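As a plain string of letters, each chain reads:
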Amino acid sequence: MSILYDEAQQSIANESRRVLEARVNKDQLLPLLESTGRYHEEFWNTAKEQGWTALAMPEEYDGLALGLVELGLIAHQAGRTLSGAPFLTSSFGMAKAIEIYGSDAQKEKWLRGLASGESIGVVAIASGADALPRQPRLVFANDRIDGIATGATGGLAADMVVALAQAPEGPVLVVAQLDGVERQAISSFDNSRCVADLHFAATPAEILVEGQDTQTAALHILALQAVITAHEQTGGAEALMETARDYALTRRAFGQVIGAFQSVKHRIAELYALVELARANCIHAASREGKDDFITAAAAARLSATEAYDTAARDCIQIHGGIGVTWEAGLHLHMRRARSLAIEQGNTLFWEDILVDRLTGEAA
Amino acid sequence: MTDIETYRANAAQWLESVAPIYGKAARNGLSGEQDLALGRRYQMAKFDAGYAGINWPTEYGGQGLSHIEKVTFESEEMKHGFPTGYFGISLGMPVPILMQFGPDQEFAKERVLKALKGEEIWCQLFSEPAGGSDLAGLRTKAEPDGNGWKINGQKLWTSWAQYSDYGVIVVRTDPNVPKHKGLTYFWVDMKAPGVDVRPIRLAGGDSHVNEVFFDDVKIGDDHRMSPVGGGFAVAMATLMIERYVATDSAGFGPHLDLFIDLAKATEINGRSLIADGRIRQQIARNYAMRSGLNAITARAMLMMQAGMTPGPEGSLNKLVSVRSRQKLSELAIDLQGSDGFAYDDHAQQKDNWTSSWINAPTGRIAGGADEMLLNTIAEKILGLPQDHRPDKGVAFNQIPA
């Protein structure tokens, strides 16, 4: 897997960017903020049509057998244009869990639908603020799960779930259909994330991973999703940095464009630094899947991407002045998304601890 | 192994073998003069082993390899604390410029060879009291004098001038034209009559920089390395020549592992600081920043090996790493409480937090102040406008002082 962004990879990036810029704009995304349960269907249809749902899946299950680097390129572009649905990451996480830990029968049963995008997956590992609980709230017994998985991104629209649940012998990763599971919509500041509490009540489920490997497996899935999310965050930060630059080159005050003032131009130069550090960490992390330091690299990518996107959202709006805070300008779409992506897949505090545990040898 | 991996392995092996003779431990307790002498011997050993002038043409005594081998060697070399500092500027800028622009190539070849062997050192006489970041605002002047020139004025912050045999210098030859257009580039003999070098002691206690006074210093026109009035372009070429250098994501301060060790070994209120969220956050953030810089560098090297041109993000290293090192060094002293007072002005900033801290401001100013680096990113990479410059287009002698 090349990290150089060779010709084939460049064409993935360019084509996805072209398609997304043609099909996604703020006027479609703004209304989605005002209702729960809706996502931008054209985005998701595009993802299916372009094969992005199949990109990182194995060939024998209708996938394209590319990797994290390539899916990262798509996620980066999706972040630039503000993807109107969270399923690229959530379905990918679910598919990876089944691909890595599932039986042949489970793969046969679940993967093709995820590859085509006809089925939407969601991953429910967190319990509230704890991204990777030692004792999950969901209970698994007799091949059924009970309990509430809170704040599941994509939960309102998903067809199936990979969840962390507490079995009598300890935590397990399970897979289940969501037919008949009650979903309570969370009215949020970023409603196209389709966040829901999932109320399981004797929901039939199958075990993917049990025993001592469960926590490691759950962390691995979180890290895979975190790397994709980090690419999306970096894309969003990059778009904001460019938007700020473009505005600073046109908006005039005190007889010159505002980009000639050091307080403005240095702010934008600092964003460039954050974006490039995040991008480099993302590409590095994407190339470390399967290596000993993957979790470390994923954590670094996640931390720098969160910092880049949050900072870019703050500063880009600041540079725009009054127009930046209007509903119409839509910069708040990025500000909202920066926070959404910051709290999905483990927050900054979580990844800081994961990272330091590894650097100090405490995780060994 | 690829060719470059083989090269790296061989270089690492050679460096290991000479580390006991010239490395960190061997330098302990040496006087400045002794350390310089050791440095000259190390430079000669590099020359004999084929590691001097790695990417320079063979006809000048170099190895004729690419900057990939050079950067590879340097990144291995950095691990051992060799006394390379005296030659960094000499071989990094003035001597390559002499190769490129030296008017007498026979003379140039002699000088290059002696510099590569560590027998001669060159300095770079650019900055002045009135012109650091604003290089073109310099005031040292050269006036026609017979068939040659006569230099008067003062240079400042000249690294290793006290040990230098020669220097390259930018001076004003015409004050009646806008500042960039009245400059000319020469080389000078640092031992010539009228050259007076006075070391300046820096905050950390060492004196590697100098002020250099020129009092009617006479040079021939054969010292001239640019057209008259064309000196600024050669000065820019000098600053661009080191496009690919080994970088250090630690900002030339201590490795993050040393901070982790310190946190593990320190207790406050009966609790180890490695369990303290405030400390853990700093470790995590610094790691993420450094890993980003390392990833930029590693990817740039791969791109160069693949014949691609790396992006401009390589220019971030100094800006990002040195100011982070400054803050982390402050925190490392904090961690030690009143034990943090201990100070040894011979300690190395690569492995001592206090030395790293007290020398950090120099790192943020020398070789491009943070503010200039931000301007460069904003203007050259992002296409933002230049600052307002009231001296633009104005004859130098008409610029309000």
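Not measured: the values here are computed from a predicted model.

Basis of the calculations
- Residues numbered from 1 in each chain as written.
- Chains lettered and ligands numbered in written order.
- Predicted model: local features only at pLDDT ≥ 70, side-chain atom pairs only at ≥ 80, totals over all residues.
- Helix = DSSP H or I, 4+ residues; strand = E, 2+ residues; numbered from the N terminus.
- Rg over C-alpha atoms; globule rule 2.2 N^0.38 Å.
- Buried ≥ 20, exposed ≤ 12 C-beta atoms within 10 Å, placed from the backbone.
- Contact = placed C-beta atoms within 7 Å.
- Domains from an automatic or database assignment.
- Nonpolar A, V, L, I, M, F, W, Y, C, P; charged D, E, K, R; others polar.
- Axes fitted to C-alpha atoms, helices over the stretch in contact; angles between N-to-C directions.
- Left-handed = near helix turned anticlockwise from the far one by under 90°.

1. Looking at the overall build of chain A
On a plain count of helices and strands, chain A comes out with 11 helices and 10 strands. For 364 residues, the compact-globule formula gives about 21 Å, and the C-alpha radius of gyration of chain A, at 20 Å, lands near that figure. When the backbone C-alpha atoms are referred to their principal axes, chain A occupies close to 75 × 45 × 35 Å. Here chain A holds 364 residues, and the buried ones make up 55% of them. Put simply, 75% of the contacts in chain A that link residues at least 6 apart link residues at least 24 apart.

2. Side note on the domain arrangement of chain B
Note on interface size: it is often stated as the accessible area lost on association of the parts. Residue and element names in this part refer to chain B. When the domains of chain B are assigned, the result is domain 1 (1–83), domain 2 (87–246 + 391–401) and domain 3 (256–368). Opposite the 4 residues of domain 2 that make contact, domain 3 presents 5 residues. Counted by class, the side of domain 2 that touches domain 3 contains 2 nonpolar, 2 polar and no charged residues.

3. A closer look at the packing of helix α4 (residues 68–81) of chain A against helix α8 (residues 262–286) of chain A
All names here are of chain A. As a packed pair, α4 and α8 sit with axes 8 Å apart at the nearest point and diverge in direction by 145 degrees. Where α4 crosses over α8, the two elements pack in a sense that is right-handed. Between α4, through Leu 68, Val 69 and Gly 72, and α8, the contact on the second element is made entirely by Cys 282, Ile 283 and Ala 286. A per-class count over the contact of α4 with α8 returns 5 nonpolar, 1 polar and no charged.

4. A few points about the domain arrangement of chain A
All names here are of chain A. Per the domain assignment, the segments of chain A are domain 1 (7–116), domain 2 (121–211) and domain 3 (215–359). Each of domain 1 and domain 2 was reduced to a C-alpha centroid, and the two centroids are 21 Å apart. Listed as interface residues are 25 residues of domain 1 and, on the opposing side, 21 residues of domain 2. It is helix α5 (residues 87–101) that contributes the most residues to the side of domain 1 that touches domain 2, 9 residues altogether. Broken down by class, the residue content of the side of domain 1 that touches domain 2 amounts to 14 nonpolar, 10 polar and 1 charged.

5. Focus: the environment of Asp 35 of chain B
Residues and elements named next belong to chain B. Mapped onto the secondary structure, Asp 35 falls in helix α3 (residues 32–49). For Asp 35, a count of 17 C-beta atoms within 10 Å translates into the label partly exposed. Counting along the chain gives 48 residues from Asp 35 to Pro 83, while the straight-line C-alpha distance between them is 6.9 Å. Discounting residues that sit within four places of it in the chain, Asp 35 has contacts with Arg 27, Leu 30 and Pro 83.

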